[in-house]
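# What the coordinates show
Letter by letter, the chains look like this.
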Amino acid sequence: MNPRIEKLKEINTIISSAISKSNKFWFEHILPSQMSLPLFEKAEAELNAILKDYPSDTNFWRMLCNVKTYTMDYAAAITALEKVIALENKQKDKSQLAELLEHKDVVKPKAKVKKTESNLVKRELPYFKYHPDPTVTGAFETDTVVTCDCCKQPTDVYYTNPFFAVDDIEALCPWCIADGKAAEKFEGSFQDDISVDAVNDKDKLMELIERTPGYNGWQQEYWLAHCNDYCAFKGYVGWQEIEPLLDQFADIESDLASAGGLRLTELPNYLKDNGSCQGYLFQCICCNKYRLYYDFD
Ligand SMILES: [Zn+2]
Ligand SMILES: [Zn+2]
């Protein structure tokens, strides 16, 4: 494949992932989230490098303009877009330039977080009995160093959502989740206490909703229980993932019925990881049987 096209795709992927992590809209006057900043920086570096080889490629200039708009460097975004217009003179770009010029004098807020990789302390991760492998399920991310909103310490393992609280929380470290500080400080919870199976033990409920990282459903997340205790969340699954485990489920037919009425015979056609019908696998921490929850997008 053409190396220029290849590079275009590669940088596009970085920018898409930066945007999805940015927690902001296009022209919103806030800085993108701390998790997205290294990705925007990476995209910018790649663009500056490739523009040395292809200085009249308007696609790369447009991408640079987008990156600079997201990071609120409006003057640089304008410069990049002016290059595009000088090369191609399209109405679409001129309209965007007019819009950008309205933002020209907006002052970029100071970043609240400084990069603190150097004072990072390596600590052993706490154990969550209802979510034993949060790094594997994706609840904890490890792609960059962020500052925990609760303890203000740098961490290279962090959690973003779900967390139900009034304050906007960008990132929490595993330790502030495990010892309950995050839930206490922000009066928040990781799981809605009415969207859980009944367990006859208030302490277990508190551990689940205040000291356990949650998972992300299409709809309201639901937490299953078995043997009078909450199950461990094992991860996101489709038919492919659960078929080999079918004989180890407690009662998959009744799980299907209570989650949304699908029959086991229909499951191969519907349940797909990352699909419209998403499965959530749980395992009893007492008898080790599996349970399944699912929802639709
Ligand atoms: Zn913390
Ligand atoms: Zn059980």
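Structure: see above.
The sections below set out a description of the structure shown in this document. Owing to the predicted nature of the structure, the values given are computational and were not obtained by experimental measurement. (Residues numbered from 1 in each chain as written. Chains lettered and ligands numbered in written order. Predicted model: local features only at pLDDT ≥ 70, side-chain atom pairs only at ≥ 80, totals over all residues. Heavy atoms only, no water.)

## With respect to the overall build of the protein
- In terms of regular secondary structure, the protein is built from 12 helices and nine strands.
- With the C-alpha coordinates aligned to their principal axes, the bounding extent of the protein is approximately 70 × 45 × 30 Å.
- Within the protein, contacts between residues separated by at least 24 positions form 62% of all contacts whose residues are at least 6 apart in sequence.
- For the protein, the accessible area works out to roughly 15,700 Å², and carbon and sulfur atoms hold 49% of it.
- Charge-centre separation for the protein: the mean point of 33 positive side chains lies 7 Å from the mean point of 47 negative side chains. (Helix = DSSP H or I, 4+ residues; strand = E, 2+ residues; numbered from the N terminus. Contact = heavy atoms within 4.5 Å. Areas by Shrake-Rupley, 256 points an atom, 1.4 Å probe, with all protein chains shown as cover. Lys, Arg positive; Asp, Glu negative; His and termini not counted. Charge placed at Lys NZ, Arg CZ, Asp CG, Glu CD.)

## With respect to the pairing of strand β9 (residues 290-296)
- Burial analysis of β9 places six of its seven residues in the buried class, the great majority of the element.
- Here strand β8 (residues 277-283) folds back onto β9, and the loop between the two strands holds six residues, one of which, Asn 288, carries a positive phi near 70°. (Buried < 20%, exposed > 50% of the residue type's maximum accessible area, 1.4 Å probe, protein only. Pairing = 2+ DSSP bridges.)

## Some remarks on unusual backbone geometry
- Residues Asn 161 and Pro 162 are joined by a peptide bond in cis, for which omega reads 0°.
- Among the structural elements, Pro 162 can be located in the loop between β4 (158-159) and α7 (174-178).
- At Glu 187, a residue that is not glycine, the phi angle is positive and equals roughly 45°.
- Locating Glu 187 in the fold gives a position in the loop between α8 (181-186) and α9 (202-211).
- Its identity as a non-glycine residue notwithstanding, Asn 228 has a phi of 55°, on the positive side.
- By secondary structure assignment, the location of Asn 228 is in the loop between β5 (225-226) and β6 (229-230).
- You can call Asn 228 partly exposed: its relative accessible area is 39%.

## Description of the state of the cysteines
- Under the defined criterion, the tally for this structure stands at zero disulfides.
- There is no disulfide at Cys 231, and the cysteine sulfur nearest it, in Cys 284, is 5.3 Å away.
- Classification of Cys 231 by relative accessible area gives buried; the value is 0%. (Disulfide = S-S within 2.5 Å.)

## Examining the coordination of the zinc ion (ligand 2)
- For the zinc ion (ligand 2), the protein coordination sphere consists of His 226 (ND1), Cys 227 (SG), Cys 284 (SG) and Cys 287 (SG), at 2.0 to 2.3 Å.
- Relative to the metal, the four donor atoms surrounding the zinc ion (ligand 2) lie at angles of 100 to 115°, and the coordination shape comes out tetrahedral.
- Along the chain, the residues donating to the zinc ion (ligand 2) are arranged with the sequence spacing H-C-x56-C-x2-C. Of this pair, His 226 sits in strand β5 while Cys 287 sits in the loop between β8 and β9; the two residues are 61 residues apart in sequence, bridging distant segments of the chain.
- In this structure Cys 287 comes out as partly exposed when scored by relative accessible area, which is 34%. (Donors = N, O, S within 2.8 Å, 3.2 Å for Na, K, Ca; no water. Tetrahedral: all angles 85-135°; square planar, octahedral: opposite > 155°, others 65-115°.)

## Side note on the environment of Tyr 222
- Among the structural elements, Tyr 222 can be located in the loop between α9 and β5.
- For Tyr 222, a relative accessible area of 22% gives the class partly exposed.
- For the pair Tyr 222 and Leu 246, spaced 24 residues apart in sequence, the C-alpha separation works out to 21 Å.
- Once you skip the residues sitting within four places of it in the chain, Tyr 222 turns out to touch Gln 191, Ser 195, Val 196, Asp 197, Tyr 215, Phe 282 and Tyr 293.
- Within polar-contact distance, the side chain of Tyr 222 engages the backbone oxygen of Val 196 at 3.4 Å. (Polar contact = N/O pair within 3.5 Å; in protein donor to acceptor, adjacent residues only side chain to side chain.)

## Re the coordination of the zinc ion (ligand 1)
- Note on the zinc ion (ligand 1): its protein donors are Cys 148 (SG), Cys 151 (SG), Cys 173 (SG) and Cys 176 (SG). The metal-donor distances range over 2.3 Å.
- Each of the four donor atoms bound to the zinc ion (ligand 1) contributes to angles spanning 103 to 114°, and the resulting shape is tetrahedral.
- One chain supplies every donor to the zinc ion (ligand 1), and in sequence these donors are spaced C-x2-C-x21-C-x2-C. You can see Cys 148 sitting in the loop between β2 (146-147) and β3 (154-155) and its partner Cys 173 sitting in the loop between β4 and α7, a full 25 residues away along the chain.
- Given the relative accessible area of 0%, Cys 148 is considered buried.

## A look at the environment of Cys 151
- Of note, Cys 151 is situated in the loop between β2 and β3.
- For the pair Cys 151 and Lys 181, spaced 30 residues apart in sequence, the C-alpha to C-alpha distance is 8.5 Å.
- Once residues lying within four places of it in the same chain are set aside, the contact partners of Cys 151 are Cys 173 and Cys 176.

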